Amino acid sequence: MNDTDRRLLAAAVERARAARAAGNHPFGAVLADADGRILLQAGNTVVTGRDCTGHAETNLARAASAAYGRDFLRTCTLYTSAEPCAMCAGAIYWSGIGRVVYALAESDLRDLTGDDPENPTLDLPCREVFARGQRPVSVEGPAEVPGAAEVHAGFWKPETPA
């Protein structure tokens, strides 16, 4: 992971902060071209959009596939504040985006969210989803990024004891 990757992951975490400030779940994503220029940004809109599929990565993949062709998207990287869930990994795959870099691992996210019904985390790493496809998607992460876990602090309900 290079300095450009770290800078763009930090931008995804900032987008997660903005999503939380807007009343949504604290997730953010950024799409960058091969030169590290930010093309698009998206945050989670599950609450304000009243759409359970309004995850940051899915929102970004939708916008990217509407704005750019698959050949171009294969050269782009999606940076995200947390590992894409199975739904988001599918959207990224179908959009044609060629690379994903994430900060917080899905397993670490599960530790933060507990049994909160707002985020019933799947134990299915994005690498496994991408590995089942017919085209490669490069994945890097988890990566330590300041604020990636902290943006979730106090947001999710603690796990209820059995």
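Residues numbered from 1 in each chain as written. Predicted model: local features only at pLDDT ≥ 70, side-chain atom pairs only at ≥ 80, totals over all residues. Heavy atoms only, no water.

Enquirer: Can you walk me through the sheet that holds strand β2 (residues 38-43) in this structure?
Expert: Strand pairing in a sheet takes place through backbone hydrogen bonds and is either antiparallel or parallel in direction. Here five strands make up an open sheet; going across it, the order is β2-β1-β3-β4-β5 and the pairing mixed. A single partner strand is all that each edge strand has here, and the edge strands are β2 and β5 (138-140). Looking at each pair of strands side by side, their axes are set apart by 15° on average, direction ignored. For strand β3 (residues 77-82) and strand β4 (residues 99-104), the ladder comprises five bridges, and the chain directions are parallel. Note on β4: the bridge partner recorded for Y79 is V101. (Pairing = 2+ DSSP bridges. Helix = DSSP H or I, 4+ residues; strand = E, 2+ residues; numbered from the N terminus. Axes fitted to C-alpha atoms, helices over the stretch in contact; angles between N-to-C directions.)

Enquirer: Looking at this structure, how should I read the packing of aromatic side chains?
Expert: In this description, a pair of aromatic rings is defined by centroid distance and the angle of the planes. Counting across every chain of the model gives four aromatic pairs. Arranged with centres 6.2 Å apart and planes meeting at 50°, the rings of F27 and W156 form a pair that is tilted. Here the residue F27 occupies a position in the loop between α1 (3-21) and β1 (28-32), and W156 occupies one in the segment after β5, the gap between them amounting to 129 residues. A residue is classified by how much of its surface remains accessible, and F27, at 8% relative accessible area, is buried. Taken together, a centroid distance of 5.4 Å and an interplanar angle of 85° make the contact between Y93 and W94 edge-to-face. Looking at Y93, the relative accessible area reads 16%, which means it is buried. Taken together, F27, F155 and W156 form an aromatic cluster joined through their ring pairs. In this structure, R135 packs its charged tip against the face of Y93, placed 5.0 Å from the ring centre. (Phe/Tyr/Trp six-rings, centres within 6.5 Å; stacked < 30°, edge-to-face > 60°. Buried < 20%, exposed > 50% of the residue type's maximum accessible area, 1.4 Å probe, protein only. Lys NZ or Arg CZ within 6 Å of the ring centre and 35° of its normal.)

Enquirer: So what exactly am I meant to see when it comes to unusual backbone geometry here?
Expert: Excluding glycine, residues mostly carry a negative phi; peptide bonds, for their part, are mostly trans. A cis geometry characterises the amide bond from G141 onward to P142, with omega recorded as 5°. Relative to the assigned elements, P142 resides in the segment after β5. One non-glycine residue, R50, adopts positive backbone phi at about 50°. On the secondary structure map, R50 appears in the loop between β2 and α2 (56-67).

Enquirer: Would you take a moment to explain the pattern of salt bridges for this structure?
Expert: Between side chains of opposite charge, pairing is possible as soon as their charged atoms come close. Under the criterion given, the structure shown has six salt bridges. Here D33 and R37 are joined by a salt bridge, their closest N and O atoms 3.1 Å apart. The buried category is assigned to D33, whose relative accessible area is 10%. Salt-bridge contacts for R74 lead to D71; the nearest nitrogen and oxygen are separated by 2.7 Å. (Salt bridge = Lys/Arg side-chain N within 4 Å of Asp/Glu carboxyl O.)

Enquirer: Would you take a moment to explain the environment of R17 for this structure?
Expert: Summarising the element assignment, R17 is placed in helix α1. A residue is classified by how much of its surface remains accessible, and R17, at 34% relative accessible area, is partly exposed. R17 sits 64 residues away from S81 along the chain, and the two C-alpha atoms are 9.8 Å apart. Excluding residues within four positions of it along the chain, R17 makes contact with G147 and V151. At 3.0 Å, the side chain of R17 and the side chain of E14 are in polar contact. (Contact = heavy atoms within 4.5 Å. Polar contact = N/O pair within 3.5 Å; in protein donor to acceptor, adjacent residues only side chain to side chain.)

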